[in-house]
Amino acid sequence: MLYDPLGREFHYLRLSVTDVCNFKCSYCLPDGYQCETPRNFLTVPEIRRLVSAFGATGTSKVRITGGEPGLRKDLPEIIKTCANTSGIEQVALTTNGFNLEKNIQSWVEAGLTSLNVSIDSLKPEVFRRITGFDRLQSIFAGLAKAAELGLSQIKVNAVLMQTFNADELSSFLQWIKDKPYTLRFIELMETGDNKAFYQQNHVSGYAIKQHLLNNGWLPVLKAKNAGPAEEFYHPNYQGKIGLIMPYSPDFCKTCNRLRVSALGKLHLCLFGEQGYDLRQLLTSDQQQAELQQYIQACLSDKKDSHFLHQGNTGITQHLAMIGG
Ligand code: SAM
Ligand code: SF4
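Residues numbered from 1 in each chain as written. Chains lettered and ligands numbered in written order. Predicted model: local features only at pLDDT ≥ 70, side-chain atom pairs only at ≥ 80, totals over all residues. Heavy atoms only, no water.

### Quick word on the side chain of H234
Item 1. Positionally, H234 belongs in the loop between β10 (230-233) and β11 (240-244).
Item 2. We classify H234 as buried; its relative accessible area is 10%.
Item 3. Of the polar contacts made by the side chain of H234, one reaches the backbone oxygen of N215; its length is 3.2 Å.
Item 4. Once residues lying within four places of it in the same chain are set aside, the contact partners of H234 are N215, G216 and W217. (Helix = DSSP H or I, 4+ residues; strand = E, 2+ residues; numbered from the N terminus. Buried < 20%, exposed > 50% of the residue type's maximum accessible area, 1.4 Å probe, protein only. Polar contact = N/O pair within 3.5 Å; in protein donor to acceptor, adjacent residues only side chain to side chain. Contact = heavy atoms within 4.5 Å.)

In structure tokens form, the structure reads like this:
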């Protein structure tokens, strides 16, 4: 098992497979994806070697993210590669859902076990204002299809923002009354690019938590190896709520995840200062032992907190860079 100097154990890998995105979310890429030159993202054989090394050192869950992972034509192959790796029990995907309806069947057939779709508004017009795309109905249809295909772990990510959708909290709760989804409110995080937007739009996760507790929602007891999300259930609701509150003081204490960027850099934190290049250790199957030792050695640099509450955003200009 990979571990750091504070004794935290890491069994969850968040793997970005591209930093390109087609959406223009106001808090992430308001002007759209900017890089003009082709990017040399990790190939399927490199991903196989990378995930094998993590699987051999205790990682049981891989989340494929980006940018928008649905833009990779070889996504089914990537999912299959992760699912077939020894030690990996769960393969999750975080997507903006633009091609969910069309492709979910091939993703499930490839071995996907859980799906997170980002939906920041249930109102088509507000959804378009946030993302730049009029896609909400197709995303709803894709979610329904995922459930029909038997995918049991379906989560919806939403970021509440003062000037866009903060008034939709009650509608979101009502929406999951008869749907078996876990709705996860991610507190808006400050990044290098969105400082003014953050100041104007941040909604405290603590306020959402108080609203839940005042309205009959009850905390789900955390499993020993659970990550930083706080979960809530309600006896009258089929769906559950998850709160991701990165500004809460204890958030980093339960950190159980490592990140690898689409260019093969290991990131010890979403808001760290540097990435550790793994790519030169992904060229042959003979480098597995060296790769595992290098990843463990890098972990000695992992800090106890992201220091985000002090306005530290590290090198992270936006979350599409390393995979949110
Ligand atoms: N494109 C995919 C998507 O949107 O689901 C995957 C990548 S995106 C970076 C992953 C998640 O990060 C999304 O749920 C998005 O809402 C969230 N996110 C991006 N920027 C954020 C920010 N500044 N604060 C909070 N959440 C953010
Ligand atoms: Fe793209 Fe996801 Fe960022 Fe939105 S949050 S711009 S969908 S990477």
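### Quick look at the side chain of T57
Item 1. Within the secondary structure, T57 sits in the loop between α1 (44-56) and β4 (61-65).
Item 2. In contact with T57, other than residues within four places in its own chain, are M1, L2 and Q292.

### Side note on the packing of aromatic side chains
Item 1. Enumeration according to the criterion identifies eight aromatic pairs in this entry.
Item 2. Here the aromatic rings of F164 and F197 are separated by 5.8 Å at their centres, their planes lie at 40 degrees, and the arrangement is tilted. Within this pair, whereas F164 is found in the loop between β7 (153-158) and α6 (169-175), its partner F197 is found in helix α7 (residues 195-201), the two being separated by 33 residues in sequence.
Item 3. With centroids separated by 5.8 Å and ring planes inclined at 35 degrees, the aromatic side chains of Y198 and Y247 adopt a geometry described as tilted. (Phe/Tyr/Trp six-rings, centres within 6.5 Å; stacked < 30°, edge-to-face > 60°.)

### Re the site of ligand 1
Item 1. Around ligand 1 sit 19 residues in total, of which Y27, G67, S118, N157 and M189 are the nearest.
Item 2. In the model, an oxygen atom of ligand 1 is placed 2.5 Å from a nitrogen or oxygen of the S118 side chain.
Item 3. Within the backbone of M189, a nitrogen or oxygen atom sits 2.9 Å from a nitrogen atom of ligand 1.
Item 4. Protein chains shield 95% of the accessible area of ligand 1, which is 550 Å² for the free molecule.
Item 5. Its residues assigned to classes, the shell around ligand 1 shows six nonpolar, 11 polar and two charged. (Near = heavy atom within 4 Å. Areas by Shrake-Rupley, 256 points an atom, 1.4 Å probe, with all protein chains shown as cover. Nonpolar A, V, L, I, M, F, W, Y, C, P; charged D, E, K, R; others polar.)

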